[in-house]
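Here is what each chain is made of, one letter per residue.
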Amino acid sequence: MKPESIKSILHFYLKEKSSNYDDVDGFSCYAEGGRMSSEGFLQAHSEFYVEDTEVAIPQYEEHYVPLDPENEERAFRIGRQLRHMSIEFDSDHMEAVRNPGQVNGTKSIEFKERFMHVSPSCGIIKIPVIQTGSSNGMAKIAWITEDKTAKSGIHYTGSQGSFDFTEGVEEKTIELEIRNQRETDVCFAVKLYDPEGTSIGNSNPVIIYIVDHSKLYEDEKQVIENIFSPNITSIPEVLTCMCDKVTNNTFKAGLQRLCSNADSIPQELYLGSELLRLTLPHANFSTLRNVFCDFFSYLPELEDITEFF
């Protein structure tokens with residue numbers, strides 16, 4: 001998706017949320033040893049908001065450049081729908097991420113890990129696929145790679161295949177080639193589909209991030225390591241990890257962590273938009289927006305993405 005389209009969706013989402021800050025009360029990362037009230041949150045946003053009306057209006061909107069009327073309407077509808085996505089989604093999905101495996105008590109096949117970080121020079125990576133619940137009977141599953149910001153043939157070698165899980169077999173391995181490129185901070189997915197004699201577990205797809213951690217500062221490395229801890233799955237938890245250590249790299253890691261838990265494009269956009277909104281007290285809006293636009297550049301264009309909403 002073009003940056004101007006992503007900016008437009010974000011513009012309408014933030015505009016819809018601008019007078020509704022009470023729901024952030026209780027996010028403990030904004031003040032040491034305490035909670036941040038909605039009033040304190042608005043004060044922290046003072047460089048972005050002006051009180052020239054009864055509702056705080058984002059100051060950056062003065063410089064907003066509208067799209068053509070048709071796409072502007074599309075962006076408006078998407079922004080409004082994202083606004084109405086409940087924070088309960090985050091809690092519900094967090095529970096699913098923390099308890100992967102059996103679906104309704106039946107056996108299932110899923111990835112052992114929900115996300116992986118690999119070096120651009122690592123060569124061949126091994127991705128474990130596990131059978132949970134029961135290994136009795138025959139089961140079959142297909143898999144395929146899927147471009148996101150990483151592109152097959154450039155950053156990695158795309159592939160597809162299938163596994164037969166014979167009785168008693170609990171784990172198989174997918175091997176993929178990572179190509180040694182200078183460009184990093186990109187990702188792709190491997191997705192399971194077409195199960196036979198089984199179901200697909202919650203840990204699907206797996207997101208592979210190609211990251212060169214040697215270029216990070218030490219404090220950034222620690223924050224990112226914390227963000228990708230297995231028990232960090234929700235917006236409040238990611239924010240607590242980031243606290244006042246918000247940089248391009250830690251914000252991008254937060255986006256990666258949250259969106260790896262999403263089941264759909266609307267959920268990815270909602271989680272990313274809400275993370276940006278709640279991170280603003282600790283970073284410059286235009287900087288975060290640029291990272292946000294770069295991260296979501298793999299999305300379809302506006303005329304195509306509306307079918308997902």
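Residues numbered from 1 in each chain as written. Predicted model: local features only at pLDDT ≥ 70, side-chain atom pairs only at ≥ 80, totals over all residues. Heavy atoms only, no water.

## Structural notes on the sheet that holds strand β5 (residues 124-132)
The strand order across the open sheet built from 4 strands is β8-β5-β3-β10, with neighbouring strands paired in mixed fashion. For this open sheet the edge positions go to β8 (171-177) and β10 (199-200), each flanked by a neighbour on one side alone. Where strand β3 (residues 108-111) and β5 come together, 4 bridges link them in antiparallel fashion. Residue pairing in the sheet places Ile109 in a bridge with Gln131 of β5. (Pairing = 2+ DSSP bridges. Helix = DSSP H or I, 4+ residues; strand = E, 2+ residues; numbered from the N terminus.)

## Focus on helix α1 (residues 3-17)
Counted at 1.5 Å a residue, the expected span for α1 with its 15 residues is 21 Å, and the 21 Å between its end C-alpha atoms agrees. Among the residues of α1, Ser5, Ile6, Ser8, Ile9, Leu10, His11, Phe12, Tyr13, Leu14 and Lys17 are the ones counted as buried. (Expected span 1.5 Å × (residues − 1). Buried < 20%, exposed > 50% of the residue type's maximum accessible area, 1.4 Å probe, protein only.)

## Some remarks on the pairing of strand β11 (residues 206-210)
Most of β11 is tucked away: 5 of the 5 residues are buried. Side chains Val206, Ile208 and Ile210 project from β11 onto one buried face, and the interleaved Ile207 and Tyr209 project onto a second face that is buried too.

## Focus: the pattern of salt bridges
As enumerated under the stated definition, the model contains 10 salt bridges in all. Between Arg80 and Glu16 there is a salt bridge, with the nearest N and O atoms lying 3.0 Å from each other. One end of the pair, Arg80, is in helix α3 (residues 69-83); the other, Glu16, is in helix α1, and 64 residues separate them in sequence. Ionic pairing is found between Lys112 and Glu171, a salt bridge with its closest N-O pair at 3.9 Å. Here Lys112 is found in the loop between β3 and β4 (115-118), whereas its partner Glu171 is found in strand β8, with 59 residues between them in sequence. Classification of Glu171 by relative accessible area gives partly exposed; the value is 40%. (Salt bridge = Lys/Arg side-chain N within 4 Å of Asp/Glu carboxyl O.)

## A look at the side chain of Arg257
With respect to the helices and strands, the residue Arg257 is situated in helix α7 (residues 248-259). One buried charged residue, Arg257, forms no salt bridge at all, with the nearest opposite charge on Glu237 at 7.3 Å. A polar contact of 2.8 Å, which involves the side chain of Arg257, links it to the backbone oxygen of Ile232. (Lys, Arg positive; Asp, Glu negative; His and termini not counted. Polar contact = N/O pair within 3.5 Å; in protein donor to acceptor, adjacent residues only side chain to side chain.)

## Notes on the pairing of strand β6 (residues 139-147)
Where β6 meets strand β7 (residues 160-165), 6 bridges bridge the pair, whose relative direction is antiparallel. Counterpart to Ile144 in the pairing with β7 is Gln160. Strand direction decides the pairing type here: β6 and strand β9 (residues 186-196), joined by 7 bridges, are antiparallel. Bridged to Ile144 within β9 is Lys191.

## A word on the packing of aromatic side chains
Overall, the coordinates contain 6 aromatic pairs when judged by the stated rule. Ring centres of Tyr156 and Phe188 lie 3.7 Å apart, and the angle between their planes is 5 degrees; on these two criteria the pair is classed as stacked. Of this pair, Tyr156 sits in the loop between β6 and β7 while Phe188 sits in strand β9, placing them 32 residues apart in sequence. Residue classification places Tyr156 among the buried positions, given a relative accessible area of 1%. The interplanar angle of 65 degrees and the centroid separation of 5.9 Å between the aromatic rings of Tyr209 and Phe228 together place this pair among those described as edge-to-face. Placement of the pair is Tyr209 in strand β11 and Phe228 in the loop between α5 (218-227) and α6 (235-242), with a sequence separation of 19 residues. (Phe/Tyr/Trp six-rings, centres within 6.5 Å; stacked < 30°, edge-to-face > 60°.)

## A few points about the sheet that holds β6
Paired through their backbone hydrogen bonds, the strands of a sheet run either parallel or antiparallel. Read from one edge of the open sheet, 5 strands run β4-β11-β9-β6-β7, paired in mixed fashion. Of all the strands in the sheet, just β4 and β7 have a single pairing partner and so form its edges. Strand-to-strand, the axes of this sheet are offset by a mean angle of 20 degrees, without reference to chain direction. (Axes fitted to C-alpha atoms, helices over the stretch in contact; angles between N-to-C directions.)

## Digging into unusual backbone geometry
With phi around 55 degrees, Asp194 is a residue other than glycine that occupies positive phi space. Here Asp194 is to be found in strand β9.

## A short note on the nonpolar core
Core analysis: the biggest nonpolar cluster contains 55 residues, and Phe251, Leu276 and Phe292 have the highest contact counts within it. Counting residues per element, this core draws most heavily on helix α8 (residues 265-279), which supplies 7 residues. Once residues within four sequence positions are removed from consideration, Leu276 is found in contact with Leu10, Leu14, Phe251, Phe285, Leu288, Arg289 and Phe292. (Core = buried A, V, L, I, M, F, W, Y, C linked by side-chain atoms within 4.5 Å. Contact = heavy atoms within 4.5 Å.)

Everything listed here is a matter of coordinates, which is why it stays silent on function.
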